[in-house]
Amino acid sequence: MASKDSVVELTSRGDTVRVLQLTDTHLKAFEGGQLLGLDTDYSLQAIIDLAKNEYPEPDLILGTGDLADSGAGNAYRRLITYFDQITPHHYWLPGNHDLRDVMVDVGGAQRVPGELRVGRWQILMLDSQLPGEVGGHLGASELQRLEDRLEVAASEGLFTLICLHHQPVPIGCSWLDEQMVSDAHGFFDIVGRFDRVRAVLWGHVHQELDQQCEGLRLLCTPSTCVQFLPGQVDFALDMLAPGYRWLELGPDGSIDTGVSRAESQVFPVDRDASGYL
Ligand SMILES: [Fe+2]
């Protein structure tokens, strides 16, 4: 297994680092497989086409988990061909639907790094997956790595974007908030001591959020496939179109970001679906 301590160094085209986040692609083992009635290859290609048109030549793509729906090697092989349509510089972290060992086997260790360095930025890739569980957990070793790497970044004057799969704060959907990072207090205890941490970015919840909390930007992003309705106690689908997030990481620590959705296309889903694991 590739070490979670690995660091990948990248060069950005300009002073501002241009990033795409594509998350929760849920590719099935075979092309055309469906999640809740939606062909996740079809919806991912629609998002790739949209992003290529709206936000060409980003410096990198962040794939923040649930990239495969059941950890199939074939799904990760197809993921490479999709993301390569935009840039060869795409980096992944595992969600609860993924198998980290398979991600590394198929993508290579460089695809699943512990950290990226680009421009004036450190992008920390945390693993919140608890194998066999739906909910998220960082654990002592990831929290220690977080603290160690933030100390290194602070000593070098870098700004930090932290990425993980599960939400570290409640997002207002009870059924999803049961799955949030269970040791989030420990996470924020550490993050709160480092004022150059600018944002936390995640997937998992298949909906958009952009909040500011004590100087920290909290961001989550629509899935490239099915959407979950905000503010619900129980599972409910949202009929909004799939989407992606773009981020511009400035050399002064600023972040400009937004979400775009493939609103001009129709994405049939199973409206009667009563659950999702
Ligand atoms: Fe997901």
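None of the values given here were measured: they were computed from a predicted structure. (Residues numbered from 1 in each chain as written. Predicted model: local features only at pLDDT ≥ 70, side-chain atom pairs only at ≥ 80, totals over all residues. Heavy atoms only, no water.)

Undergrad: Whenever I open this one, the overall build of the protein chain confuses me. Can you help?
TA: Per the secondary structure count, the protein chain includes 6 helices and 16 strands. Taken over the C-alpha trace, the protein chain has a radius of gyration of 17 Å; the compact-globule value for 277 residues is 19 Å, and the two agree within 12%. Along the longest, intermediate and shortest principal axes, the C-alpha atoms of the protein chain span 50 × 40 × 35 Å. Here the protein chain holds 277 residues, and 59% of them are scored as buried. If you take every contact in the protein chain between residues at least 6 apart in sequence, the share linking residues at least 24 apart comes to 71%. Counting every atom, the protein chain has about 11,000 Å² of accessible surface; 48% of that belongs to carbon and sulfur. (Helix = DSSP H or I, 4+ residues; strand = E, 2+ residues; numbered from the N terminus. Rg over C-alpha atoms; globule rule 2.2 N^0.38 Å. Buried < 20%, exposed > 50% of the residue type's maximum accessible area, 1.4 Å probe, protein only. Contact = heavy atoms within 4.5 Å. Areas by Shrake-Rupley, 256 points an atom, 1.4 Å probe, with all protein chains shown as cover.)

Undergrad: Any chance you could explain the sheet that holds strand β6 (residues 90–93) here in plain terms?
TA: Within a sheet, each strand pairs with its neighbour through backbone hydrogen bonds, oriented either parallel or antiparallel. Strand order across the open sheet formed by 5 strands is β6-β5-β2-β15-β16, with mixed pairing between neighbours. Single-partner strands in this sheet number two, and they are β6 and β16 (255–261). In this sheet, neighbouring strand axes are inclined to one another by 20° on average, regardless of whether the strands run parallel or antiparallel. In this sheet, β16 lies alongside strand β15 (residues 243–249) in antiparallel orientation, the contact comprising 7 bridges. Note that in β16 the partner of Leu 247 across the bridge is Thr 257. Packed onto the sheet, helix α1 (residues 40–54) meets β2 (17–22), β15 and β16 and runs at close to 35° relative to β15. (Pairing = 2+ DSSP bridges. Axes fitted to C-alpha atoms, helices over the stretch in contact; angles between N-to-C directions.)

Undergrad: Which parts of the structure should I look at to understand the coordination of the iron ion?
TA: The expected angle between donors at a tetrahedral four-coordinate metal is 109.5 degrees. At an octahedral six-coordinate metal it is 90 or 180 degrees. Within the protein, Asp 24 (OD), His 26 (NE2), Asp 66 (OD) and His 206 (NE2) serve as the donor atoms for the iron ion, at 2.1 to 2.3 Å. Here the donor residues of the iron ion are spaced in sequence according to D-x1-H-x39-D-x139-H. Here Asp 24 matches His 26 in class, with each residue buried. (Donors = N, O, S within 2.8 Å, 3.2 Å for Na, K, Ca; no water.)

Undergrad: Explain the pattern of salt bridges here, please?
TA: When the charged atoms of two side chains lie near each other, side chains of opposite charge can form a pair. On inspection of all chains with the given rule, the structure shows 12 salt bridges. Of the charged contacts, one joins Lys 28 and Asp 69 as a salt bridge, the two residues approaching to 2.7 Å between their closest N and O atoms. One end of the pair, Lys 28, is in the loop between β2 and β3 (34–35); the other, Asp 69, is in the loop between β5 (60–64) and α2 (73–84), with 41 residues separating them in the sequence. Relative accessible area serves as the criterion here: at 21%, Lys 28 is assigned to the partly exposed category. One salt bridge in this structure joins Glu 156 and Arg 117, with 2.8 Å as the shortest N-O distance. Residue Glu 156 is found in helix α4 (residues 139–156), and its partner Arg 117 is found in strand β7 (residues 115–118); the two are separated by 39 residues along the sequence. With relative accessibility at 12%, the residue Arg 117 sits in the buried group. Taken together, the salt bridges that share partners define one network made up of Glu 115, Arg 117, Arg 149 and Glu 156. (Salt bridge = Lys/Arg side-chain N within 4 Å of Asp/Glu carboxyl O.)

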